[in-house]
Amino acid sequence: MRRHSLQHDAEGRLRHLLTIEGLKRAQIVDILDTAESFISVSDQQVRKVPLLRGKTVVNLFFEASTRTLTTFELAAKRLSADVLKININTSATVKGESLLDMLHNLEAMQCDMFVVRHADSGAAHLIARHVAPHVSVINAGDGSHAHPTQALLDMFTIRRRKGEFAPLTVAIVGDIKHSRVARSQIHALTTLGVSELRVVAPKTLLPADVETLGVHVTHDLDEGLRDADVVIMLRLQKERMQGAMLPSEGEYFRTYGLTEERLARAKADAIVMHPGPINRGVEIASSVADGPQSVILEQVSNGIAVRMAVMSMVLGRAPREEGA
Amino acid sequence: MNISIQHGRLIDPANGIDTHADLHIAEGRVAGLGEPPEGFVADSHINAEGRIVCPGLIDLRARLREPGGESRATIASETAAAASAGITTLVCPPDPSQPIDTPALVDLIRHRARSAGHCRVLPVGALTQGLEGQQLAEMETLRQAGCIGVGNGLQAVENTQVMRRAMEYAASQGLTVFLHAEDPWLAAGGCAHEGAVSVRLGLTGIPEAAETIAVARELQLIEQTGVRAHFHHLSTARAVRLIARARYEGLPVSADVAAHQLYLTDMDIGYFDSLCHVRPPLRGQRDREGLREGLRQGGIDAICSDHQPLGADAKLAPFPASEPGISGLETLLPLTLRLADEGLLSLPEAIACVTARPAEILGLLADGQGGSLAAGARADVCIFDPEPYWELRAEELQSAGHNSPFLGWELKGRVECTLLAGELVFHRC
Amino acid sequence: MTEQDDIDKLIRQMADELRARLEAARIGDALMVGIHTGGLWVARRLHRLLGLEQPLGELDISFYRDDFSRIGINPQVRPSRLPVSVDDRHILLVDDILHTGRTIRAAMNELFDYGRPASITLAVLGERSGRELPIQADVVGRHFDLGEHEHVKLSGPEPLRLSIVEAP
């Protein structure tokens, strides 16, 4: 009764993108290669291709987000899709009813793809189970579960900078426990087969049994950074200061904040990544975020090509069943 | 009306009986086994050839959602489902929508159950007023109104002093306290076992310690107060060991496990299957084995359904936002029988877990008020065919709640007739 | 089978014909654009033979295909490269085989996304029956008469070779 195949169709092609977990290595590489060809689209004077002309993409955001929403919208528009944005007041969907109503309304709408962001883990899976057979769902972040397109654009950025994954040592630093980005990155990096994957955080920010994901755990930032090729810093939500997760921002920065001095423990050509938005002086010093090793802005611009790739691969999968 | 149930295999664990014999019922009570007693003339016969005849099942924990949740299920709908599943006694815990903290509420529940006439319903009264964990409920009044014991439902009594006094008071009135062991702070916001699955799925975990800390605290208080206590729906192997040790030391405690906990683990959540969202959560493989071991070696006495009927919308939400619970009445017997098929327990031992043992916990057994087929005992009887395989289908469930993770499972053993105090309340056509 | 020598000859003939057309129309600075992959091989030779001033343009029409939702996307799309603006320019569009006409339609759509050319002249190494759109070539190397299940295929880049294959 396991439902591993929800995001794949009968032929094993990607129908939805809900999580990195369960994607084959070759599938991830395919997405990265496709994204590479879309990079040329955003480089040249024609920034738009007619690949998804006549398709309707609905951005369904139950949780506020500017950056992710914007890049998905841009990606869809560059593929010539019609884009609709539905921002749902999260407070109104706390109860099950309104999500249910929403699902029925959406089924009635003639659209081809939902891009879903929701504060609850599993929301994208739930919606994928209830859409009509020709509709695809892309998870743009669900609770603490997954944010697959962010992880893919991070992999894309790493590959452009570092080439092969096999020799790399990667350190993910910060609030792993609440981070959907970290979970998706961990699945992607283990699938692509990096040499070593470390997570660095105090125990309060690590989920119990995190080792089962295939990572090495350390609570010491200096040890975690030693000889790393890639350093991924995670955003620390301000609300973690409540609920006895951490004593203070100051102590967090002193213990786990990335400064130039501490970055020196990583390899000289190490790159520094951050999914954004950055809390300067909380998890990362400004001098590092804006420094020569930072690829944070590159991540943002790569986001569009990766999302174009995912959208076109998911929709370019198969003919519609109805009306031969 | 006098009834003879003929040619069946009689299994009555309370009296160590497992034999082929006829069962005779008169005036709502068991008149005798084997040859009909002097002067007994049956008005009707039930042919139980190839069937097993056992005491009616006693479910230690089933929520009926009435009053307060009639839109989902009613006492009538759920007691009818119980009868179709061989259950003749349901113990109904309080919950915030029906806190069972006034005699009027007790009367209402008992009255509705009696007028529906499918199954006996024994309410557990509130331990604290409104289940708020602050003021003691009127326990003696509730006992007199017909409550079988007292408890605080799924609501924690956070204040240890209040819990101690509640136990002291219950002990003074000779009441059994029914406990849901869960530390409210450690469980806050959680929806799945804290472990490999919750890590993967990004679900807030409920650690094992949420249960063991609560069990440990209650055991200390039970020892101090001398109250007779029963732990509901244990989910962890460690809690079972804590209770087994306490019993070894002579504490008056008992425990049950929900049938689904004996078969499912957190792995069954798969990718967010909200039908597997239950409270306490499905735990890991080791806990499941520990619960089974507890059933075999002592530590756990009984199996309950932990029935919680829910409407479809309650599960049609992202996993953490879906409501926890399983509609469990109709799988209680087949899942219990399966333990015998799997060789964990003998068939009489398995049947004891849903008949004699819960009757003993409720104090019904000694008075012949349930869980036994001894002469003179209340004639609550379940007759089932142990052989047929059948598939659990939503549309065939009698309960108003179709929320079962066992839908599509092939189950073995099916109830044919249920007698409640000598009256035929269910008969499969 | 058409061997290397014959293909060189065909391409020379095409170059002559194109040169004549350009002269007749008094076009001085035409932009030649080859369609990936076979069209580009042919275009490279024509470009050399004609000695055109403007560098050769390349077009990958993968993102413009109308059968995208049936065959999916090929992850190895090469970027289209047009060295100069197409606005008001005379374009010499080169492909290997003209069959249904859909590739040419996609290529013209892409060209129009870059600007508004003054004219487009289509040159193909081979043409065969089976047109699904009203598109004809101005310069044709060779015409093929093919059976229903036959296809003509150009392999290359060195040597260029045309072969007729049975469709599976």
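In this text the structure is predicted, and so the values were computed from the model without any measurement.

So, how was this worked out
Residues numbered from 1 in each chain as written. Chains lettered and ligands numbered in written order. Predicted model: local features only at pLDDT ≥ 70, side-chain atom pairs only at ≥ 80, totals over all residues. Heavy atoms only, no water. Pairing = 2+ DSSP bridges. Helix = DSSP H or I, 4+ residues; strand = E, 2+ residues; numbered from the N terminus. Axes fitted to C-alpha atoms, helices over the stretch in contact; angles between N-to-C directions. Domains from an automatic or database assignment. Contact = heavy atoms within 4.5 Å. Buried area = accessible area lost by both parts, 1.4 Å probe. Salt bridge = Lys/Arg side-chain N within 4 Å of Asp/Glu carboxyl O. Polar contact = N/O pair within 3.5 Å; in protein donor to acceptor, adjacent residues only side chain to side chain. Nonpolar A, V, L, I, M, F, W, Y, C, P; charged D, E, K, R; others polar.

### So, the sheet that holds strand E9 (residues 87-92) of chain B
Residue and element names in this part refer to chain B. Ordered by their spatial adjacency, 8 strands build an open sheet running E8-E9-E10-E11-E12-E15-E16-E17, and the pairing between neighbours is parallel. The strands lining the two open edges of the sheet, one partner per strand, are strand E8 (57-59) and strand E17 (302-304). Adjacent strand axes in the sheet meet at a mean angle of 30° when their direction is disregarded. Direction of pairing for strand E16 (residues 253-258) relative to E17: parallel, over a ladder of 3 bridges. Bridge pairing links Asp 256 to Ala 302 in E17.

### Brief notes about the domain arrangement of chain B
Note: interface size is frequently given as the accessible area lost on complex formation between the parts. Residue and element names in this part refer to chain B. Taken domain by domain, chain B comprises domain 1 (3-53 + 378-427) and domain 2 (56-362). Of note, the centres of domain 1 and domain 2, computed from C-alpha atoms alone, are 25 Å apart. Counting from both sides, the interface comprises 35 residues of domain 1 and, opposite them, 45 residues of domain 2. For the domain 1 face of the interface with domain 2, the top three residues by lost area are Asn 403, Pro 405 and Phe 406, together amounting to 20%. One can count 2 salt bridges joining domain 1 with domain 2. Between Lys 412 and Asp 341 there is a salt bridge, and its shortest N-O distance comes to 3.5 Å. Where domain 1 packs against domain 2, one counts 13 residue pairs in polar contact (both at pLDDT 80 or more). When residues of the side of domain 1 that touches domain 2 are traced back to their parent elements, those giving at least two are strand E2 (9-12), strand E18 (381-391), strand E19 (410-420) and strand E20 (423-427). Element by element, the count of residues in the side of domain 1 that touches domain 2 is highest for E19, at 8 residues. Here the side of domain 1 that touches domain 2 is composed, by residue class, of 20 nonpolar, 8 polar and 7 charged.

### Things to note about the environment of His 178 of chain A
All names here are of chain A. Assignment of secondary structure puts His 178 in the loop between strand E5 (169-173) and helix H6 (180-192). Here the alpha-carbon distance between His 178 and Arg 240, two residues 62 residues apart in the chain, equals 9.6 Å. In this structure, His 178 is in contact with Ser 144, Arg 183, Arg 240 and Met 245, ignoring residues within four places of it in sequence. Within polar-contact distance, the side chain of His 178 engages the side chain of Asp 175 at 3.0 Å.

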